[in-house]
Amino acid sequence: MFGNDKKSPRHGNAVETLVGPRAVIRGDINFSGGLYVEGTIYGKVVADDGSAAVLTLAENGRIEGEVRAPVVVISGTMTGDVHAGERVELAANARVNGNIHYKVVEMAAGAMITGRLIHAEAPLAQLTGPAGESAPAAVPLRGKTAKAEAQQA
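In this convention, every chain numbers its residues from 1, walking through the sequence in written order. Given that the model is predicted, a residue must reach a pLDDT of at least 70 before its local features are reported, and side-chain atom pairs must reach 80 or more before they are shown or counted; all residues, however, enter totals for whole chains, interfaces and linings. Heavy atoms throughout the structure, all of them, feed into the side-chain values; hydrogens and water do not.

A.B. asks: What is the right way to read the pairing of strand S11 (residues 82-90) from this model?
C.D. replies: Two elements, strand S9 (residues 67-74) and S11, share 7 bridges in a ladder whose sense is parallel. Pairing of Val 67 across the sheet is with Val 82, part of S11. Note on pairing: DSSP must find at least two bridges between two strands before they are called paired. Secondary structure counts use DSSP, requiring at least four H or I residues in a row for a helix and at least two E residues in a row for a strand, with both numbered from the N terminus.

A.B. asks: Where do I start with the sheet that holds strand S15 (residues 112-114) in this structure?
C.D. replies: The strands that make up a sheet pair up through hydrogen bonds in the backbone, lying either parallel or antiparallel. Read from one edge to the other, the open sheet built from 6 strands follows the order S2-S5-S8-S10-S12-S15, with strand pairing classed as parallel. Whereas interior strands pair on both sides, the edge strands pair on one side only; in this sheet they are strand S2 (24-26) and S15. Neighbour-to-neighbour, the strand axes of this sheet turn through a mean angle of 5°, independent of strand direction. Judged from the 3 bridges that link them, strand S8 (residues 62-64) and strand S10 (residues 77-79) form a sheet pairing that is parallel. Looking across to S10, one finds that Arg 62 is bridged to Thr 77. To obtain each axis, a line is fitted to C-alpha atoms, and for helices this fit is confined to the stretch in contact; angles are then taken between N-to-C directions over 0 to 180 degrees.

A.B. asks: How do you make sense of the confidence of the model for the protein chain when you look at a structure like this?
C.D. replies: Interpretation of the predicted coordinates at a detailed level should be avoided for regions scoring low in pLDDT. The predictor attaches a confidence to each residue, and that confidence, scored 0 to 100, is pLDDT. Overall, the predicted model of the protein chain reaches an average pLDDT of 80, with 71% of residues at or above 70. By definition in these notes, contact holds between two residues if any of their heavy atoms fall within 4.5 Å. In this model residues 134-153 is a low-confidence stretch, pLDDT under 50, and it forms 17 contacts with partners more than four residues away in sequence or in other chains.

Rendered as structure tokens:
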């Protein structure tokens, strides 16, 4: 059913779990393998640690909650932060309202993100605030925060 379908993931992982177009899930989901979402999920969607999991959000699918998986493919609507351990693919119809943490990102023309793209290996101090200024570091440093010590310097 999913093997030769153009809508199936192109990463070689088989779809093991399908959330159908009329399904609405309220609650968190833990999965491994391939998860294909055509319906709506209100809650966290988290891949098992160490699994080669792929989450695919179909064009009419919707997730409202945090997502954590090695590979995340988004064609639908996502509200919440995305944490992809390996890669994120955003199709032309993707709509993401949240931050995307990634190592590799592939984005088609037309994809929309309301949030930040944050490279997985970027240090927190390199992230910028809304006015383009450096984000305050809140890392404890000998009983003081790095921001307080920088102000004293």
